[in-house]
Amino acid sequence: MSECRFDFGFQIRMRWFPLGKSRPIGWLRAFQSPGEHILAKTSPSRKAPAKEAAGSEEFALRSLQQAHDANPRYAASDDQLLTFYEQMLLIRRFEEKAGQLYGLGLIGGFCHLYIGQEAVAVGLQSALDGDKDSVITGYRDHGHMLAYGIDPKAIMAELTGRGAGISRGKGGSMHMFSTDHKFYGGHGIVGAQVPLGAGLAFGHQYREDGGLCMAYFGDGAANQGQVYEAFNMAALWNLPVIFVVENNGYAMGTAVTRGSAETHFHRRGTAFRIPGISVNGMDVLEVRAAAEVAVAHVRAGKGPVLMELHTYRYRGHSMSDPAKYRTREEVQEMREKHDPIDAAKAELMKRGVSEDRLKEIEKQIRSRVNEAADFAENSPEPEMSELYTDVLVESY
């Protein structure tokens, strides 16, 4: 080995090795002074401590999966399970009505329904604190809003482009927001919400408000580069964020096995030392149990978690998708054998809840959804002056 030094007001020491001999350390070490860490000047901020680098014996990528597997189903009380059932049924009937209104021409543009995936949003968001935790998702967002307690009337009015909508009729199906409910969209660009979710998590950390962000994306978005930039930053800064992959198997119309080299999406955080959990997203109690594990990990200050929820959408990617990439028999089998609402209903009846009571709940929910549709149809469109609002930030 040879060595030389240069002095430019600061000292650089360079080393090189004879050909044929391996270098014992990375090439950047050639610029390292004794006892000095490479890029030592880039220290993390006070409110965003960096996660300890490689070598930590305490870090275990499978620790959360093992914790979930040990207790895979949430021990819900009868009242809790009934609430989950009601929320999932509300989402199902709301989305069915939205599909009808789209067919009548009352909803324009794109419309992505959540039918079949209800257990994911309900199970996960039931474990959050609505007063401090934030939620962000992609364009299949109606169910997430309903699961967070937002008024169906305001959502349906937004779908139909009315001034009474949650985004004053200017966002439509894909761009709904409610800062009052800490719901930050509704995003039409595939994967764009993931780095924004990391930013929301950084906001919770910076304000020290004890909140976390739940950032949803799909199996199609899981191949976006910005997703992994967000993973890296979230892990470096130990951000309080739960990344959720809603794996419905087909992205926009391509089977996961045809579009992804690694189809176990909960492993995608491995390179960033983010632990993952694989969950049956068609069972609301399994989803809630996994949410408990993930939320406890994040609230303990241990950094981000990546959850993969195996679910299924019964409708096409959007209302304009005929879904010819799968068979009717496959869809029918999922409906008959794995439907999350039917499973919750069966368990409630097994616990002694009468069929008459469940029929009454169904009746009440249908009435509530019809009221939301009537409200939307009878609400006026936005005033022309709304064209000039929300273009720039007017106040902080």
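Residues numbered from 1 in each chain as written. Predicted model: local features only at pLDDT ≥ 70, side-chain atom pairs only at ≥ 80, totals over all residues. Heavy atoms only, no water.

## Comments concerning unusual backbone geometry
Note the cis peptide between Gly185 and Gly186, where omega equals 25 degrees. Locating Gly186 in the fold gives a position in the loop between helix 5 (152-159) and helix 6 (193-207). The residue Arg168 is not glycine, and still its phi comes out positive at about 60 degrees. Residue placement: Arg168 occurs in the loop between helix 5 and helix 6. Backbone geometry at Glu208 places phi at a positive 55 degrees, although glycine is not the residue there. (Helix = DSSP H or I, 4+ residues; strand = E, 2+ residues; numbered from the N terminus.)

## Structural notes on the nonpolar core
With 76 residues, the main nonpolar core has Leu124, Ile242 and Met307 as its most contacted residues. Looking at which element gives the most residues to this core, the answer is helix 2 (residues 78-103), with eleven residues. With residues up to four places along the chain from it excluded, the contact list for Ile242 reads Leu212, Cys213, Met214, Ala215, Ala294, Val295, Val298, Val305 and Met307. One finds Ala198, Phe231, Val241 and Phe272 within the second-largest nonpolar core, a separate group that totals 25 residues. (Core = buried A, V, L, I, M, F, W, Y, C linked by side-chain atoms within 4.5 Å. Buried < 20%, exposed > 50% of the residue type's maximum accessible area, 1.4 Å probe, protein only. Contact = heavy atoms within 4.5 Å.)

## A word on the pairing of strand 7 (residues 305-310)
Within a regular strand, the side chains alternate between the two sheet faces. Most of strand 7 sits inside the fold, with five of its six residues counted as buried. Where strand 5 (residues 241-247) lies against strand 7, six bridges are found, and the strand directions are parallel. Counterpart to Val244 in the pairing with strand 7 is Met307. Strand direction decides the pairing type here: strand 6 (residues 276-280) and strand 7, joined by five bridges, are parallel. Residue pairing for strand 7: Ile277 is matched across the bridge by Met307. (Pairing = 2+ DSSP bridges.)

## Thoughts on the sheet that holds strand 7
The strand order across the open sheet formed by five strands is 3-4-5-7-6, and the pairing between neighbours is parallel. Single-partner strands in this sheet number two, and they are strand 3 (134-136) and strand 6. The mean angle between the axes of side-by-side strands here comes to 20 degrees, regardless of whether they run parallel or antiparallel. Helix 1 (residues 63-70) rests against strand 6 and strand 7 of the sheet, and its axis sits at about 30 degrees to strand 6. (Axes fitted to C-alpha atoms, helices over the stretch in contact; angles between N-to-C directions.)

## Re the side chain of Arg326
Position of Arg326 relative to the elements: it lies in the loop between strand 7 and helix 10 (328-338). One buried charged residue, Arg326, forms no salt bridge at all, with the nearest opposite charge on Glu330 at 5.2 Å. Discounting residues that sit within four places of it in the chain, Arg326 has contacts with Tyr250, Tyr312, Arg313, Tyr314, Arg315, Gly316 and Val331. (Lys, Arg positive; Asp, Glu negative; His and termini not counted. Salt bridge = Lys/Arg side-chain N within 4 Å of Asp/Glu carboxyl O.)

## As for the packing of aromatic side chains
Taken as a whole and judged by the stated rule, the model has ten aromatic pairs. Each ring, one from Tyr228 and one from Phe231, has its centre 5.3 Å from the other, and the planes form 80 degrees; the classification is edge-to-face. Note that Tyr228 and Phe231 are positioned in helix 7 (residues 225-236) at a spacing of three residues, about one turn of the helix. Judged by its relative accessible area of 1%, Phe231 is buried. Aromatic side chains Tyr250 and Tyr325 sit 5.3 Å apart centroid to centroid with 35 degrees between the ring planes, which places their arrangement in the tilted category. Note that Tyr250 is positioned in the loop between strand 5 and helix 8 (256-259) and Tyr325 in the loop between strand 7 and helix 10, a separation of 75 residues in sequence. Taking relative accessible area as the criterion, Tyr325 reaches 26% and is therefore assigned partly exposed. (Phe/Tyr/Trp six-rings, centres within 6.5 Å; stacked < 30°, edge-to-face > 60°.)

Taken by themselves, the reported measurements are silent on function.
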